[in-house]
Amino acid sequence: VVDEKGAGDVFRQALRDTGHGDSVRSPPPMRSRATLLVVGLAVAAAALVTWAPTRDPDLWWHLATGRAALATRSTLPADPFSFSFAGAPWRYKDLVADALLWALFARGGFGGLLLYRLGCAALMALGFRLVTRHALPALVALGVVLLLPWADRPMMLSLALFPTVLALCERRRFGWLVAVTWLGIVLHRAALLCYAIVAARAVHLALARLCARWPRLSIVAGPPPSRRTLVAALAAAVAAPLVGLAN
């Protein structure tokens with residue numbers, strides 16, 4: 001009886017004997033090339049649809065916010081722009097992303113903002129590669145790049161992190177989930193959707209473990225997780241919003 005490893009060794013030895021051993025590529029390099037392909041095509045697609053300078057009127061407000069935050073080295077606790085509410089407390093703002101946008105614009109002008117959009121596309125592509133190891137499904141999923149409402153806004157960072165959150169949920173990397181969702185909420189409030197995804201994943205795992213007693217239900221719910229995995233999922237579902245609200 002030859003196991004999988006032994007069969008692979010026999011196959012590789014036969015290829016070496018015929019002079020084709022050097023053409024056999026190990027899976028890691030092939031995955032790396034597939035990742036480069038997915039990321040490269042995503043960046044090219046984003047460059048194609050967003051090469052022109054932005055027409056989003058909100059961009060200038062975001063740039064002014066980032067410039068003021070960096071110039072005063074503060075979190076801008078009071079609204080410095082409003083006419084009717086000047087000096088009022090200002091809590092809900094995307095300060096980190098605005099500062100990033102201003103830094104890119106100050107150094108590179110509209111070219112710096114183009115790099116911002118291309119970086120978001122690359123981050124999204126890497127997230128889709130985490131969701132699936134196969135290049136074709138990742139490329140199909142990246143069709144969303146052509147459909148996104150591309151703009152130089154903080155929300156693009158949240159959209160770019162969204163596939164990574166899905167991948168971490170699927171791979172049950174709950175510690176990383178808390179960190180990524182925290183980063184997303186720091187960059188933009190749209191990352192609140194990620195909390196719902198983490199909670200839904202925890203509920204799904206809980207139902208899968210509950211339904212393990214009934215075979216017919218377990219077919220629908222999926223394989224049950226271990227107790228450790230379930231505890232980690234529930235802890236992430238609770239910790240992620242608490243860490244975000246602490247900002």
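Per-residue confidence for the protein gives a mean pLDDT of 80, with 82% of residues at or over 70. Mean pLDDT across the secondary structure elements of the protein bottoms out at helix 1 (residues 4-17), with 51, and peaks at helix 3 (residues 59-72), with 91. Counting contacts from residues 20-26, a segment whose pLDDT is below 50, to residues more than four positions away or on other chains yields 6 contacts.

Over the atoms, a rolling probe the size of a water molecule traces out where space has been left empty. All told, the structure shown has 1 cavity of 30 Å³ or more when counted by the stated rule. Every residue along the wall of the largest cavity is listed here: Ser-158, Leu-161, Val-165, Val-180, Thr-181, Gly-184, Ala-191 and Cys-194.

Volume-wise, the second largest pocket comes out at about 190 Å³. Lining the second largest pocket are Val-49, Thr-50, Trp-51, Ala-52, Pro-53, Thr-54, Arg-55, Asp-56, Arg-117, Trp-150, Ala-151 and Asp-152.

The next thing to look at is the side chain of Asp-152. If you trace the backbone, Asp-152 turns up in the loop between helix 6 (144-147) and helix 7 (155-171). Engagement of the side chain of Asp-152 in a polar contact is seen with the side chain of Arg-117, the distance being 2.6 Å. Here Asp-152 is in contact with Thr-54, Leu-59, Leu-101, Leu-113, Tyr-116 and Arg-117, once residues within four sequence places are set aside.

In this structure the tally under the stated criterion is 6 aromatic pairs. The interplanar angle of 90° and the centroid separation of 6.3 Å between the aromatic rings of Trp-60 and Phe-110 together place this pair among those described as edge-to-face. You can see Trp-60 sitting in helix 3 and its partner Phe-110 sitting in helix 4 (residues 95-131), a full 50 residues away along the chain. Using a relative accessible area of 36% as the deciding quantity, one classes Phe-110 as partly exposed. In this structure, Arg-67 packs its charged tip against the face of Trp-102, placed 5.5 Å from the ring centre.

What counts as what
Residue numbers here run from 1 along each chain, matching the order of that chain's written sequence. It should be noted that, the model being predicted, local features are given only for residues of pLDDT at least 70 and side-chain atom pairs only at 80 or more, the latter also being counted only at that level, while totals for whole chains, interfaces and linings use all residues. The basis for every side-chain value is the complete set of non-hydrogen atoms in the structure, without hydrogens or water. Per residue, pLDDT captures the predictor's confidence, and it can take any value from 0 to 100. A helix here means a DSSP run of H or I that spans at least four residues, while a strand means a run of E at least two residues long, and both kinds are numbered starting from the N terminus. By the convention used here, residues are in contact when the closest approach between their heavy atoms is within 4.5 Å. Two kinds of site are reported from a 1 Å grid over the protein atoms alone, namely cavities, where a 1.4 Å probe fits but cannot get out, and pockets, open sets with protein on both sides within 12 Å along at least five of seven lines, and residues are called lining when an atom falls within 4 Å of a point. Grid points are joined across faces, edges and corners, and a volume is the space filled by probe spheres set on the points. Polar contacts, as counted here, are pairs of nitrogen or oxygen atoms within 3.5 Å of one another; within protein the pair requires one atom able to donate a hydrogen and one able to accept it, and residues that are adjacent in sequence qualify only if both atoms are side-chain atoms. Planes of paired rings set the category: under 30 degrees apart is stacked, over 60 is edge-to-face and the rest tilted, where pairs are Phe, Tyr or Trp rings (Trp by its six-membered ring) whose centres lie within 6.5 Å. Each residue is placed in one exposure class: buried if its accessible area under a 1.4 Å probe, protein chains only, is under 20% of its type's maximum, exposed if it is over 50%, and partly exposed if it falls in between. Whether a charge lies above a ring is judged from NZ of Lys or CZ of Arg, which has to be within 6 Å of the ring centre and within 35 degrees of the ring normal.

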